[in-house]
Amino acid sequence: MSDIKKIKDEFLHKLSEDLNIENVNQIKSELFGKSGKISNFFKNLGSLPPEERKKFASDLNFVKDELQEKINKKIQEIEIREINSKLENEKVDVTLPERDIVRGKIHPVSQVIDEISSIFSEIGFSVEEGPDVENEHYNFTALNTPDNHPARDMHDTFYLDDKKELLLRTHTSPVQVRTMLKDKPPFKIIAPGRTYRSDSDQTHAPMFHQVEGLHIDKNINMGHLKGCLNYFIKSFFEVDKIKMRFRPSHFPFTEPSAEVDIGYELKDGKIVIGEGDKWLEILGCGMVHPNVLKNVKINSDKYQGYAFGIGIDRLAMLKYGINDLRAFFETDYRWLNHFGFDPLDVPSNYRGLSR
Ligand code: DAH
C-alpha cells in the first residue's frame with residue numbers, strides 16, 4: 001500500500017501545479033498508459049498471495065479513481081481558463097468606426113453576356129454551352145470545313161496534341177453541332193463563351209468571347225435572320241433606329257453568308273450607334289449550310305435556318321467606350337473598379353434572364 005500511496009501523493013502534488021493540457025496528458029499516460037505506474041500495479045496483481053490480493057486491488061482501485069477524478073477536474077479547469085482568456089482578449093469594441101465595405105464589380109464582359117442573354121431570351125432563344133477544349137471534328141469538320149479547307153488557316157488555332165485532334169475552340173460555332181446532335185429540331189439557341197486564337201494586339205487577344213446564334217425550323221429564311229439581328233442590335237445599343245447592312249461574305253458553314261455592319265458617327269470623339277455614314281463590322285452570319293445539317297442528320301429539305309456569330313468584347317467596347325481590348329484580361333483592379341458594374345445596379349435594358 002505504501003508504494004501506491006507514494007505514487008498517489010506524488011501525482012496529486014504534480015496535478016496541483018500550474019499545468020497545460022499537454023502536461024496533464026503526459027501525467028495521464030505516466031499513470032494509465034501501457035506501462036504506466038498504475039497500469040503496472042494492475043498487471044502485477046496476479047503475483048500477490050491471494051490473502052493480500054483483494055485488499056490491494058480495492059486500495060488500488062480507490063487510488064485510481066481518485067487520480068482519474070483529479071485529472072478530469074484539472075482538464076476542466078484548464079478549458080475554462082482558456083475560454084475565459086479568449087473572452088477577455090477578443091472583446092468587441094463597439095465604439096470603433098465601421099470598416100468601408102468594398103463591393104466587387106461585375107466585369108464588362110460578364111455584364112454584356114447577361115445583357116445579350118436577356119435580350120435573346122425575350123424572343124425565345126435559350127442558352128447553350130460547350131467546352132473550351134474542343135475536338136477538331138466539332139470545331140471544323142462537322143462545320144463543313146474539311147482538313148485542307150483554306151478557312152482553317154484563318155483560325156490560328158491552339159492545338160493541344162501532336163495529332164491536332166484536340167484544340168482550344170476557335171469560335172463558338174461547334175456549340176451548333178453539339179446542340180443539334182443532342183436533340184431534335186426545332187432549335188433556337190444562343191451560346192456565349194470563350195474562344196481562342198493565336199493573335200494579340202490592341203483589338204485582338206488570344207482569348208476572346210463570342211456569342212453564337214442558331215435558329216432551325218421549318219420555313220426559316222433570311223428575312224427572319226435580318227429581323228432578329230435588327231431587334232437585337234437596337235435593344236443592345238438602346239436605340240430606336242439602326243442602320244444595318246449585310247455584306248456578302250464567306251463562311252464554310254453558311255450559304256449564303258454575310259457580314260453585318262452597323263452605321264455610326266463620331267460625336268465629340270465618341271461613337272454614336274445608329275446615325276451617320278460610317279460603318280462598323282460587328283458580326284458574321286448566314287443560312288446554315290445543308291452539309292452542316294447533313295452532318296448532324298437533319299433533313300435539309302424539311303428544316304433550314306440561320307446562324308450568326310458575334311464578337312462580345314467588341315460589343316462591350318463599343319457600348320461602354322472602352323478602347324483597348326487587352327485591358328479586359330489584365331485583371332487590373334483599378335480598371336475593373338472604373339469600367340465594372342455594380343452588382344446591385346440593374347441596367348435599364350435588363351429584363352431578367354431566363355435560362
Ligand atoms: N464562327 C465565325 C467566326 O468565328 C463567325 C460566324 C459567322 C458564326 C457566320 C456563324 C455564322 O454562326 O453563321 O469567324
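Residues numbered from 1 in each chain as written. Predicted model: local features only at pLDDT ≥ 70, side-chain atom pairs only at ≥ 80, totals over all residues. Heavy atoms only, no water.

Q: Please explain the site of the ligand as it appears in this structure.
A: Looking at the ligand, there are 15 residues lining it, with His171, Ser173, Arg197, Gln210 and Glu212 nearest. One nitrogen or oxygen atom from the side chain of Ser173 is found 3.0 Å from a nitrogen atom belonging to the ligand. Ala307 places a polar main-chain atom, nitrogen or oxygen, 3.1 Å from an oxygen atom of the ligand. (Near = heavy atom within 4 Å. Polar contact = N/O pair within 3.5 Å; in protein donor to acceptor, adjacent residues only side chain to side chain.)

Q: It is not clear to me how a negative patch on the surface should be interpreted in this structure. Could you clarify?
A: A cluster of acidic side chains, namely Asp153, Asp156, Asp199 and Asp201, defines a negative patch on the protein surface. With respect to the helices and strands, the residue Asp201 is situated in the loop between strand S4 (187–196) and strand S5 (207–217). Residue class for Asp201 comes out partly exposed when judged on its relative accessible area of 31%. (Patch = residues over 30% accessible without salt bridge, like charges linked within 9 Å, V, L, I, M, F, W, Y side chains within 5 Å. Areas by Shrake-Rupley, 256 points an atom, 1.4 Å probe, with all protein chains shown as cover. Salt bridge = Lys/Arg side-chain N within 4 Å of Asp/Glu carboxyl O. Lys, Arg positive; Asp, Glu negative; His and termini not counted. Charge placed at Lys NZ, Arg CZ, Asp CG, Glu CD. Helix = DSSP H or I, 4+ residues; strand = E, 2+ residues; numbered from the N terminus. Buried < 20%, exposed > 50% of the residue type's maximum accessible area, 1.4 Å probe, protein only.)

Q: How should I be thinking about the side chain of Ser173 in this particular structure?
A: With respect to the element layout, Ser173 can be found in the loop between strand S3 (166–168) and helix H8 (174–182). Looking at Ser173, its side chain comes within polar contact range of the side chain of Glu212, at 2.9 Å. Not counting residues up to four positions away in its chain, the partners in contact with Ser173 are Leu143, Glu212 and Phe253. (Contact = heavy atoms within 4.5 Å.)

Q: How should unusual backbone geometry be read in this particular structure?
A: Cis peptide bonds are those with omega within 30 degrees of zero, and the linkage from Pro185 to Pro186 qualifies with 5°. One can find Pro186 in the loop between H8 and S4. Note that the residue after Glu255, namely Pro256, is joined by a cis bond; omega there is -5°.

Q: Mind showing me how you'd approach the nonpolar core here?
A: It is characteristic of soluble globular proteins that their nonpolar side chains tend to be buried jointly. Counting 44 residues, the largest nonpolar core has Ile116, Phe232 and Phe308 as the members making the most contacts within it. For this core, the leading source of residues is helix H9 (residues 222–237), giving seven residues. If near-sequence neighbours (up to four positions away) are discounted, Ile116 is found in contact with Ile190, Val211, Phe232, Phe236, Ile312 and Leu315. Counting residues in hydrophobic clusters, the runner-up holds 19 residues, among them Ile4, Ile7, Leu15 and Val63. (Core = buried A, V, L, I, M, F, W, Y, C linked by side-chain atoms within 4.5 Å.)

Honestly, that's just the spatial picture; any functional story needs more than this.
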